[in-house]
Amino acid sequence: MRAMVLEAPGQPLREADLPLPTPNAGQVLIRVHACGVCRTDLHIVDGELPRPKLPLVLGHQIVGVVAARGDGATRFHEGDRVGVPWLGYTDGTCRYCRAGRENLCDHARFTGYDIDGGYAEYTMADERFCFPIPDGYPDPRAAPLLCAGLIGYRSLRLAGDAERLGLYGFGSSAHLIAQVARSQGRRIFAFTRDGDTESQNFARSLGAEWAGGSSEAPPEKLDAAIIFAAVGELVPAALRALDKGGTVVCAGIHMSDIPSFPYEILWEERGIRSVANLTRQDGEEFLALAARVPIQTAITTFPLAEANTALDRVRRGPLDGSAVIVMDATLVGGDLSSQSR
Ligand SMILES: [Zn+2]
Ligand SMILES: [Zn+2]
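Below, the structure is looked at part by part. Counting starts from 1 at the beginning of each chain's written sequence and moves along it residue by residue. All chains are assigned letters beginning with A, and all ligands numbers beginning with 1, in the order in which they are written. For this predicted model, a pLDDT threshold of at least 70 governs which residues receive local features, and a threshold of 80 or more governs which side-chain atom pairs are given and counted, while totals over whole chains, interfaces and linings are taken from all residues. With hydrogens and water excluded, all non-hydrogen atoms of the structure serve as input to the side-chain values.

### Some points on the overall build of the protein
Line of reasoning, step 1. Strands here are runs of E lasting at least two residues and helices are runs of H or I lasting at least four, both read from the DSSP assignment and numbered beginning at the N terminus. Regarding its fold elements, the protein presents nine helices and 17 strands.
Line of reasoning, step 2. This radius of gyration counts C-alpha atoms alone. The globule rule is 2.2 Å times how many residues there are, raised to the power 0.38. A compact globule built from 341 residues would reach a C-alpha radius of gyration of about 20 Å, and the protein, at 19 Å, matches this within 12%.
Line of reasoning, step 3. For the protein, the C-alpha atoms occupy an extent of roughly 55 × 45 × 40 Å along the three principal directions.
Line of reasoning, step 4. Relative to its full complement of 341 residues, the protein shows a buried share of 55%.
Line of reasoning, step 5. Any two residues having at least one pair of non-hydrogen atoms within 4.5 Å are treated as being in contact. Restricting the contact set of the protein to residue pairs at least 6 apart, pairs at least 24 apart contribute 70%.
Line of reasoning, step 6. To measure how exposed things are, a 1.4 Å probe is used in the Shrake-Rupley method; for residues, cover is taken only from the protein chains shown. Accessible area of the protein: about 14300 Å², with a carbon and sulfur share of 47%.
Line of reasoning, step 7. Under the convention used here, Asp and Glu are negative, Lys and Arg are positive, and both His and the chain ends fall outside the count. Every charge is mapped onto a representative atom, which is NZ of Lys, CZ of Arg, CG of Asp or CD of Glu. Between the centroid of the 34 positive side chains of the protein and the centroid of its 42 negative side chains there is a distance of 3 Å. Using a 1.4 Å probe on the protein chains alone, a residue whose accessible area is under 20% of its type maximum counts as buried, one over 50% counts as exposed, and one in between counts as partly exposed.

As structure tokens, then:
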């Protein structure tokens, strides 16, 4: 099978022909149709996360169909459409798992990091960690739901019942979560790189009542802010935009250092917290919600062989939506119509 392989951090992915894997007990072999590109993939390529499996097939927003099943794998049938997220395995026995916090499992394994992921024609997954994909989403449009959507949803949940919500970094995650937040009656304030009027217009088109540069003050104080950009300087900036009692939620797995700041911008019960990984319950809740809202995903597609181009495009700055690798070359291009498959 064709795959794009990371041999070592700091190097471009290399196109390779790998043996087709055989599913072990409890696993499914999945023929990949689409795989979303996540900022976390860039952090892995750049060596900012400490211990990837090497060589590694990246990709943890996988949509495909079950092609074969290992012993005892009975949850899905061959031909079923499934999604594979970042959380690929938990031990089920540690104190976090037992407390319903499997996102913090001591022995968790992650797709496209500890386990080969979806930048390939086929991938393998533990069936217990796969999700059925809601009808109504063509494969490439479903892919961004699996991390950008899911982690964004967990971040939104941890922002509490905030009515005035700031979103810092209006790319893959924010464009999905803004739609959820609007459907819940929240008010959206979008922050982009200073001068990025294109992203600001994109945010307004998705219901943001205000959009501006991240160095600007919003027209009124915020009840919560979610930071999707991997930029530590945004933490004090977001704190300054918060009303009393507000929370800053950092959604990413890696961020540049947070500069020191005066205690007074944290004072009055403002808080800062991070979001780590997902639980399977997050995924089930979010995918049901996605279909109900319904969340529209804006995508730009790339063929598998151009995975490095897709990563560069994500590195350059927020796309209007999500970058997605597709295996069927006829689907490559700008935003796909929702009818195409
Ligand atoms: Zn555990
Ligand atoms: Zn991700």
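### Some thoughts on the layout of surface pockets
Line of reasoning, step 1. Of the voids in this model, the largest pocket is the one considered here, and its volume is about 930 Å³.
Line of reasoning, step 2. Using a grid of 1 Å spacing that covers the protein atoms alone, one calls a set of points a cavity when a 1.4 Å probe fits there but cannot get out, and a pocket when the set is open and has protein on both sides within 12 Å along at least five of seven lines; lining residues are those with an atom within 4 Å of a point. Lining the largest pocket are 46 residues, with Arg39, Phe228, Ala229, Ala230 and Val314 positioned closest to its centre.
Line of reasoning, step 3. Secondary structure elements with two or more residues in the lining of the largest pocket: helix H1 (39-45), helix H4 (148-158), helix H5 (172-183), strand S11 (187-192), helix H9 (307-316) and strand S17 (322-326).
Line of reasoning, step 4. The nonpolar class holds Ala, Val, Leu, Ile, Met, Phe, Trp, Tyr, Cys and Pro. Asp, Glu, Lys and Arg form the charged class, and all remaining residues, Gly among them, are polar. Here the lining of the largest pocket is composed, by residue class, of 24 nonpolar, 17 polar and five charged.
Line of reasoning, step 5. Grid points are joined across faces, edges and corners, and a volume is the space filled by probe spheres set on the points. Empty space within the second largest pocket amounts to approximately 260 Å³.
Line of reasoning, step 6. Lining the second largest pocket we find 17 residues, and of these Arg101, Asn103, Leu104, Arg154 and Thr279 sit closest to its centre.
Line of reasoning, step 7. Per-element accounting of the lining of the second largest pocket gives the leading share, four residues, to helix H8 (residues 280-292).
Line of reasoning, step 8. Split by residue class, the lining of the second largest pocket holds four nonpolar, five polar and eight charged.

### Brief notes about the sheet that holds strand S13 (residues 222-227)
Note: strands within a sheet are paired through backbone hydrogen bonds, in either parallel or antiparallel orientation.
Line of reasoning, step 1. Read from one edge to the other, the open sheet built from six strands follows the order S12-S11-S10-S13-S14-S15, with strand pairing classed as parallel. Unpaired on one side and paired on the other, strand S12 (210-213) and strand S15 (271-274) mark the two borders of the sheet. Averaged over neighbouring strand pairs, the angle between their axes works out to 20 degrees when direction is ignored.
Line of reasoning, step 2. Here the rule is simple: two strands pair whenever DSSP picks up at least two bridges between them. Direction of pairing for strand S10 (residues 164-168) relative to S11: parallel, over a ladder of five bridges. Along S11, the bridge assignment pairs Leu165 with Ile188. Axis lines are fitted to C-alpha atoms, over the contacting stretch for helices. Their N-to-C directions set the angle, which ranges from 0 to 180 degrees.

### Things to note about the coordination of the zinc ion (ligand 1)
Line of reasoning, step 1. A donor here means an N, O or S atom no more than 2.8 Å from the metal, or no more than 3.2 Å when the metal is Na, K or Ca. Since water is not included, a site may seem to lack partners. Looking at the zinc ion (ligand 1), one finds its protein donor set to be Asp91 (OD), Cys94 (SG), Cys97 (SG) and Cys105 (SG), positioned 2.0 to 2.3 Å from the metal centre.
Line of reasoning, step 2. Seen from the zinc ion (ligand 1), its four donor atoms lie at angles of 98 to 118 degrees, and the figure they make is tetrahedral.
Line of reasoning, step 3. Ordering the donors of the zinc ion (ligand 1) by residue number gives the pattern D-x2-C-x2-C-x7-C. For the pair Asp91 and Cys94, a shared accessibility class is recorded, and that class is buried. Here the metal geometry follows the donor angles, with tetrahedral for four donors whose angles all fall between 85 and 135 degrees, square planar for four and octahedral for six when opposite donors are more than 155 degrees apart and every other angle is between 65 and 115, and irregular for all the rest.

### Re the coordination of the zinc ion (ligand 2)
Between any two of four tetrahedral donors, the ideal angle at the metal is 109.5 degrees; between two of six octahedral donors, it is 90 or 180 degrees.
Line of reasoning, step 1. Summarising the metal site, the zinc ion (ligand 2) is bound by the protein donors Cys38 (SG), His60 (NE2) and Cys147 (SG), whose distances to it range over 2.0 to 2.2 Å.
Line of reasoning, step 2. We note that the donor set of the zinc ion (ligand 2) lies within a single chain, spaced as C-x21-H-x86-C. A residue pair is termed long-range when its members are at least 10 positions apart, and Cys38 in the loop between strand S3 (27-36) and H1 and Cys147 in the loop between helix H3 (139-142) and H4 qualify at 109 residues. Side by side, Cys38 and Cys147 carry an identical accessibility label, which is buried.

### Some thoughts on the packing of aromatic side chains
Line of reasoning, step 1. Any pair of Phe, Tyr and Trp rings, taking the six-membered ring for Trp, is counted once the centres come within 6.5 Å. Such a pair is stacked with planes under 30 degrees apart, edge-to-face with planes over 60 apart, and tilted for the rest. Under the defined criterion, the tally for this structure stands at seven aromatic pairs.
Line of reasoning, step 2. With centroids separated by 5.6 Å and ring planes inclined at 35 degrees, the aromatic side chains of Tyr153 and Phe286 adopt a geometry described as tilted. Taken together, the residues Tyr153 in helix H4 and Phe286 in helix H8 connect sequence positions 133 residues apart.
Line of reasoning, step 3. Ring centres 4.0 Å apart and planes at 0 degrees place the aromatic pair Tyr168 and Phe191 in the stacked group. In this pair, Tyr168 sits in strand S10 while Phe191 sits in strand S11, placing the two residues 23 residues apart along the sequence.
Line of reasoning, step 4. One aromatic cluster is present, built from ring pairs that chain together Trp86, Phe110 and Tyr113.

### Brief notes about unusual backbone geometry
Line of reasoning, step 1. Residue Pro55 follows Leu54 across a cis peptide bond; omega there is -10 degrees.
Line of reasoning, step 2. Summarising the element assignment, Pro55 is placed in the loop between H1 and strand S4 (62-69).
Line of reasoning, step 3. Residue Pro294 follows Val293 across a cis peptide bond; omega there is -20 degrees.
Line of reasoning, step 4. Within the secondary structure, Pro294 is located in the loop between H8 and strand S16 (299-303).
Line of reasoning, step 5. Positive phi is not limited to glycine here, since Glu268 has a value of about 70 degrees.
Line of reasoning, step 6. We note that Glu269 has phi near 65 degrees; this positive angle belongs to a residue other than glycine.
Line of reasoning, step 7. Inspection of the secondary structure assignment puts Glu269 in the loop between strand S14 (242-250) and S15.

### What about the nonpolar core?
Line of reasoning, step 1. Think of a nonpolar core as a cluster: buried Ala, Val, Leu, Ile, Met, Phe, Trp, Tyr and Cys residues, connected wherever their side-chain atoms sit within 4.5 Å. Counting 101 residues, the largest nonpolar core has Leu13, Tyr119, Leu165, Leu167, Phe170 and Phe286 as the members making the most contacts within it.
Line of reasoning, step 2. Those residues in contact with Leu13 that lie beyond four places of it in its chain are Met4, Val5, Leu6, Val45, Leu58, Tyr119, Ala307, Asn308 and Leu311.
Line of reasoning, step 3. Within the second largest apolar cluster, 16 residues are counted, among which are Phe189, Leu239, Leu242 and Val248.

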